[in-house]
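This is what each chain is made of:
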Amino acid sequence: MLQRDQINEYMRKAQDTIDNAHKELLDVKLIQQNDPTEYPFIMNQLMELDEEINDMLTAASPQQRTQLEEVQYQLRETKAVMIRGI
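Computed from a predicted structure; not experimentally measured. (Residues numbered from 1 in each chain as written. Predicted model: local features only at pLDDT ≥ 70, side-chain atom pairs only at ≥ 80, totals over all residues. Heavy atoms only, no water.)

1. A word on the pattern of salt bridges
As a reminder of what qualifies: What counts as a salt bridge is simple: a side-chain nitrogen of Lys or Arg found within 4 Å of a carboxyl oxygen of Asp or Glu. A helix here means a DSSP run of H or I that spans at least four residues, while a strand means a run of E at least two residues long, and both kinds are numbered starting from the N terminus. Each residue is assigned to one of three classes by its accessible area relative to the maximum for its type, calculated with a 1.4 Å probe on protein chains only: buried under 20%, partly exposed between the two thresholds, exposed over 50%.
A full pass over the atoms with the stated rule returns five salt bridges. Arg76 is the salt-bridge partner of Asp50, the closest N and O atoms lying 3.0 Å from each other. Of this pair, Asp50 sits in helix α2 (residues 38–59) while Arg76 sits in helix α3 (residues 62–85), and the two are 26 residues apart along the sequence. Since its relative accessible area comes to 9%, Asp50 is described here as buried.

2. Some thoughts on the nonpolar core
One recurring pattern in soluble globular proteins is that nonpolar side chains are buried together. Formally: Throughout, nonpolar core names a set of buried Ala, Val, Leu, Ile, Met, Phe, Trp, Tyr and Cys residues whose side chains join them through atoms within 4.5 Å. Residue contacts follow a heavy-atom distance rule, with two residues in contact if any of their heavy atoms lie within 4.5 Å.
Judged by nonpolar contacts, the single largest core of 20 residues is most densely connected at Tyr10, Leu46, Leu68, Leu75 and Met82. At the level of elements, α1 (4–31), α2 and α3 are the ones that each hand at least two residues to this core. Tallying contributions element by element places α2 first for this core, with eight residues. In this structure, Leu75 is in contact with Tyr10, Ala14, Ile18, Leu46, Leu49 and Asp50, ignoring residues within four places of it in sequence.

3. Considering the packing of α2 against α3
Heads up, the condition is: Angles here are taken between N-to-C directions and fall from 0 to 180 degrees, while the axes themselves are lines fitted to C-alpha atoms, restricted in helices to the stretch in contact. Between 65 and 115 degrees an angle is taken as roughly perpendicular, under 35 as roughly parallel, over 145 as roughly antiparallel, and anywhere else as oblique. What makes a crossing left-handed is the near helix being turned counterclockwise from the far one by less than a right angle; a clockwise turn instead makes it right-handed. Amino acids are sorted into nonpolar (Ala, Val, Leu, Ile, Met, Phe, Trp, Tyr, Cys and Pro), charged (Asp, Glu, Lys and Arg) and polar (every other residue, Gly among them).
At a closest axis distance of 10 Å, the pairing of α2 and α3 adopts a crossing angle of 155°. In terms of their interaxial angle, α2 and α3 are classed as roughly antiparallel. Between α2 and α3 lies a crossing of left-handed hand. Contact with α2, carried on its side by Tyr39, Ile42, Met43, Leu46, Met47, Leu49, Asp50, Ile53, Asn54, Met56, Leu57 and Ala59, involves Gln64, Arg65, Leu68, Glu69, Val71, Gln72, Leu75, Arg76, Thr78, Lys79, Met82 and Ile83 of α3 and no other residues of that element. Broken down by class, the residue content of the contact of α2 with α3 amounts to 15 nonpolar, four polar and five charged.

4. Some points on the environment of Leu57
Structurally, Leu57 is set in helix α2. A relative accessible area of 13% means that Leu57 is categorised as buried. Measuring from C-alpha to C-alpha, the distance between Leu57 and Leu68 comes to 6.8 Å, with 11 residues separating the pair along the chain. When near neighbours in sequence (up to four residues on either side) are disregarded, Leu57 contacts Arg65, Leu68, Glu69 and Gln72.

5. Here's the deal with the side chain of Asp50
Put simply, the test is: Within 3.5 Å is the distance limit for a polar contact, defined as a pair of N or O atoms, with the added protein rule that one can donate a hydrogen and the other accept it, and that residues adjacent in sequence qualify only through two side-chain atoms.
A distance of 3.0 Å separates the side chain of Asp50 from the side chain of Arg76, its partner in a polar contact. Those residues in contact with Asp50 that sit more than four places away from it in its chain are Tyr10, Gln72, Leu75, Arg76 and Lys79.

Shown next as structure tokens:
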């Protein structure tokens, strides 16, 4: 079973990345040009978090799994929006 701190830290990191992704997508749309450093960096973070969550899900309790599955859904939705948005 995962420690509460592990779950909380992962969820904080995931939410920060999702927030940054939405901000970057909005910035790109507003200025109509792609920043070659931020967008790929954020996409990479989203992919890394999506891969990391799979390992966490196997070690999670049922309650933790529910929390992580919600974060996983948000990560995948954000990644899809980022891909469609550019």
